[in-house]
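# What the coordinates show
Residue strings, one per chain:
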Amino acid sequence: MSSNEVLHSELSQNASEETKRQFAFMEKATAYVEELSKELGRKPTACVVTFGCQMNARDSEKLLGILKKIGYEEVESEDADFVIYNTCTVRDNADQRVYGRLGYVSGIKKKKPHMKIALCGCMMQEQSAIEKIQKSYRHVDLIFGTHNIFKFAELYCTMIESERMIIDIWKDTDQIVEDLPIARKYSFKSGINIMFGCNNFCTYCIVPYVRGRERSRNPKDIIREIEYLAEDGVKEIMLLGQNVNSYGKGLPESDQMSFAQLLEEVCKVEKIERVRFMTSHPKDLSDGLIEVIANNEKVARHIHLPLQSGSDEILKKMNRHYTKESFLALVDKIRTRIPDVSITTDIIVGFPYETDADVDDTIDVVKKAKFDNAFTFIYSKRTGTPAASWEQVPESVSKPNFDRLLKVVQETAKEQASRFTGQTHRVLVEDINEQDSSLVTGRMSNNTLVHFPGSADLIGNFADVSLDECHGFYYIGHMI
Ligand code: 5AD
Ligand code: SF4
């Protein structure tokens, strides 16, 4: 689906100085794009390729907002006049995929000299990646990082004015620049950043190094943006942060607010019908938050609660600040208070020093917590993190452990999914079914996919659907 909505595409009246500066660059950039347009005899095209998480997806919407504002047409193909790769570096395979795309796109650029290529996102915050690109991927025109994405219009102008590769990477920032254009992928649902960065320093994780220190957006700015979205037809929002449960730290005294309070405020925005959030760190999930979810129908029945490991030894080495027992007690508390909630998780296998017995503990937690789904990853060594210098587990140990964990995860998820069979649930319709165009596809409050007979006019609307058959991860139903 292509972007169809542009948010805040005009300069808002109370915009900050930096926002005004960037709008001035957008004007300048518009003139450059007009020139290009005359040369090409058509509107130039832009393609943003996103790797990684929901945060990156939201950042890509910001890039597209500016690209559309300055006159580009969005396309899905990398055979475009301007291609931007918004990168991820959480695991090594994400890096490798980017290098693969850069190799591919260099072939296209050889035939199309006016083409521009940019790189941004988490991977660009790593010096080693920059050095490799400077050396081996000379066809890249612009590189920027996670902290200065708000400067995209300015950087675009610099790129057009220069023949050389432009590199602008900031180590960190405390700046949050509001009110820049955003082009949403969906007209009826949207992510919203509530905070940036992470202070947890889990020992395997590169995120705190590439996304910087934790900083929360002012609640007034968040609510203002959500009110705008609601007026613009958005019904479902997802509040985004690396650890939403620590929202609010560092806000001015007068704006102090916890995540539970923010969630309650967000639910008061009338036309917003469903509120999701991502991600919760188990060490900070408060009883107050559980109460807000339990008492508020608008909050989605879904908590993503990354376990990472079920072994106390490994959790300690990971710097996670909880134990197998306290994690299970938390899951129990959530399920007792919110019985219809889905709990999903992330698990890493093959962390340094992990033994078969540690993985037995992880499997035990999966069985007891009855996760509705789990994303399982093989540990990937990230240079610069503490765990990178520890004794690594060979693949001959991690791979069989990964396989046996995956088997239990799939069995548990399948059992869990079927618990709603025969019930009627509210589904937000997102698309026509890819395989069968007589069906539409939507999501229940707990994020489970449902396919049922229907037509395109249902997209973006809620429907009450009877869940007739469970097929592992999804349901086939019919509208009531
Ligand atoms: N190796 C493997 N998985 C990782 N994750 C984060 N860092 C790594 C790593 N170095 C996983 C965690 C996190 C998810 C987003 O990615 O499970 O929750
Ligand atoms: Fe990485 Fe841990 Fe922060 Fe999540 S909480 S982003 S796993 S450091």
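Data block above holds the structure.
Below is a summary of the structure that appears in this document.

Reading guide: rules and limits
- Residues numbered from 1 in each chain as written.
- Chains lettered and ligands numbered in written order.
- Predicted model: local features only at pLDDT ≥ 70, side-chain atom pairs only at ≥ 80, totals over all residues.
- Heavy atoms only, no water.
- Helix = DSSP H or I, 4+ residues; strand = E, 2+ residues; numbered from the N terminus.
- Expected span 1.5 Å × (residues − 1).
- Buried < 20%, exposed > 50% of the residue type's maximum accessible area, 1.4 Å probe, protein only.
- Near = heavy atom within 4 Å.
- Nonpolar A, V, L, I, M, F, W, Y, C, P; charged D, E, K, R; others polar.
- Polar contact = N/O pair within 3.5 Å; in protein donor to acceptor, adjacent residues only side chain to side chain.
- Areas by Shrake-Rupley, 256 points an atom, 1.4 Å probe, with all protein chains shown as cover.
- Contact = heavy atoms within 4.5 Å.
- Axes fitted to C-alpha atoms, helices over the stretch in contact; angles between N-to-C directions.
- Parallel < 35°, antiparallel > 145°, perpendicular 65-115°, else oblique.
- Left-handed = near helix turned anticlockwise from the far one by under 90°.
- Core = buried A, V, L, I, M, F, W, Y, C linked by side-chain atoms within 4.5 Å.
- Pairing = 2+ DSSP bridges.
- Salt bridge = Lys/Arg side-chain N within 4 Å of Asp/Glu carboxyl O.
- Right-handed = clockwise from strand over helix to strand, strands pointing away.
- Phe/Tyr/Trp six-rings, centres within 6.5 Å; stacked < 30°, edge-to-face > 60°.
- Lys NZ or Arg CZ within 6 Å of the ring centre and 35° of its normal.

A few words on helix α13 (residues 395-417). One full turn of an α-helix is made of 3.6 residues, so residues set three or four places apart face in the same direction. The end-to-end C-alpha distance of α13 is 32 Å, a good match for the 33 Å that 23 residues give at a rise of 1.5 Å each. For α13, the complete set of buried residues consists of Ser398, Asn401, Phe402, Leu405, Val408, Val409, Thr412, Ala413, Gln416 and Ala417.

Once that is clear, we can look at the site of ligand 2. With respect to spatial proximity, the complete set of residues near ligand 2 consists of Cys198, Asn200, Phe201, Cys202, Tyr204, Cys205, Val207, Pro208, Gln242, His281 and Arg320. Residue composition of the shell around ligand 2, by class: 7 nonpolar, 3 polar and 1 charged.

This next bit is on the site of ligand 1. Taken together, Val90, Arg91, Tyr204, Gln308, Asp346, Ile348, Phe377, Ile378, Tyr379, Ser380 and Arg382 form the complete shell of residues around ligand 1. A distance of 2.9 Å separates an oxygen atom of ligand 1 from a polar atom in the side chain of Arg91. In the model, a nitrogen atom of ligand 1 is placed 2.8 Å from a nitrogen or oxygen of the Ser380 main chain. Relative to its free-state accessible area of 410 Å², ligand 1 is covered by the protein chains to the extent of 86%. Mapped by element, the contributors of at least two residues to the shell around ligand 1 are β15 (342-349) and β16 (373-378). Classifying every residue of the shell around ligand 1 by side-chain character gives 6 nonpolar, 2 polar and 3 charged.

The next point concerns the environment of Phe420. Among the secondary structure elements, Phe420 is positioned in the loop between α13 and β17 (424-432). The residues contacting Phe420, other than those within four sequence positions of it, are Asp340, His425, Met444, Asn446, Leu467 and Tyr475.

Turning to the packing of helix α11 (residues 324-337) against helix α12 (residues 356-369), a few remarks are in order. At their nearest, the axes of α11 and α12 sit 10 Å apart, and the two run at 10 degrees to each other. Taken as axis vectors, α11 and α12 run roughly parallel relative to one another. The chirality of how α11 crosses α12 is right-handed. The segment α11 lies against α12, with Lys324, Phe327, Leu328, Val331 and Arg335 engaging Asp361, Asp364, Val365, Lys368 and Ala369. When the residues that make up the contact of α11 with α12 are grouped by side-chain class, the tally is 5 nonpolar, no polar and 5 charged.

Time to look at the nonpolar core. Membership of the largest hydrophobic core comes to 58 residues, with the highest contact counts inside it found for Leu239, Phe259, Leu263, Phe277 and Ile334. If you tally residues by element for this core, the top one is helix α8 (residues 259-267), at 6 residues. Those residues in contact with Leu239 that lie beyond four places of it in its chain are Ile192, Ile194, Ile226, Val244, Phe259, Leu263, Val266, Val275, Arg276, Phe277 and Met278. By size, the runner-up hydrophobic cluster in this structure holds 32 residues, among which are Phe23, Leu142, Phe150 and Leu180.

Before going further, it helps to spend a moment on the sheet that holds strand β6 (residues 142-144). Reading across the sheet, the 6 strands line up as β3-β2-β4-β5-β6-β7 and stay open at both edges, with parallel pairing between neighbours. Whereas interior strands pair on both sides, the edge strands pair on one side only; in this sheet they are β3 (73-74) and β7 (166-168). Here strand β2 (residues 45-50) runs beside strand β4 (residues 82-87); their pairing, made up of 5 bridges, is parallel. Across the sheet, the residue bridging to Cys47 is Val83, located in β4.

A few words on the pattern of salt bridges. A full pass over the atoms with the stated rule returns 42 salt bridges. Close ionic contact of Arg382 with Asp92 constitutes a salt bridge, the shortest N to O distance being 4.0 Å. Taken as a pair, Arg382 in the loop between β16 and α13 and Asp92 in helix α3 (residues 92-111) lie far apart in primary sequence, 290 residues in all. Via salt bridges that share partners, Arg58, Glu61, Glu178, Arg217 and Glu225 belong to a single interconnected network.

Moving on, we come to the pairing of β16. Direction of pairing for β15 relative to β16: parallel, over a ladder of 6 bridges. Across the sheet, Ile348 pairs through a bridge with Phe377, a residue of β16. In this fold, β15 hands off to α12, which returns the chain to β16; that crossover is right-handed.

In this section: the sheet that holds strand β18 (residues 439-444). Ordered by their spatial adjacency, 5 strands build a closed barrel running β17-β18-β19-β21-β20, and the pairing between neighbours is mixed. Adjacent strand axes in the sheet meet at a mean angle of 50 degrees, parallel and antiparallel pairs treated alike. Bridge analysis of strand β20 (residues 462-471) against strand β21 (residues 474-479) gives 6 bridges, and the strand direction is antiparallel. Across the sheet, the residue bridging to Ser466 is His478, located in β21.

This paragraph deals with the packing of aromatic side chains. What the rule picks out here adds up to 16 aromatic pairs. Relative to Tyr209, the ring of Phe201 lies with its centre 5.4 Å away and its plane at 80 degrees, an arrangement referred to as edge-to-face. On the basis of relative accessibility, which here comes to 34%, the residue Tyr209 falls in the partly exposed class. Three or more aromatic residues joined by ring pairs make a cluster, and in this case those are Tyr72, Phe82, Phe144, Phe152 and Tyr156. Positioned over the ring face of Phe377 is Arg91, at 3.7 Å from the centre of the ring. Over the face of the ring belonging to Tyr186 we find Lys189, whose NZ or CZ atom lies 4.8 Å from the ring centre.

The subject of this paragraph is unusual backbone geometry. Cis peptide bonds are those with omega within 30 degrees of zero, and the linkage from Met278 to Thr279 qualifies with 5 degrees. Following the sequence through the fold, Thr279 ends up in the loop between β13 (274-278) and α9 (287-295). Residue Asp179 is not a glycine yet carries a positive backbone phi of 65 degrees. Tracing the sequence through the fold places Asp179 in the loop between β7 and β8 (182-184). Located in the positive-phi region is Asn319, a residue other than glycine, with phi close to 65 degrees. Structurally, Asn319 is set in the loop between α10 (312-318) and α11.

Axis separation between helix α7 (residues 219-231) and α8 bottoms out at 10 Å; the angle between their running directions is 30 degrees. By the angle class used here, α7 and α8 are roughly parallel. Of the two elements, α7 crosses α8, and the hand of that crossing is right-handed. In this structure, α7 uses Pro219, Ile222, Ile223 and Ile226 to contact α8, whose residues at the interface are Leu262, Glu265 and Val266.

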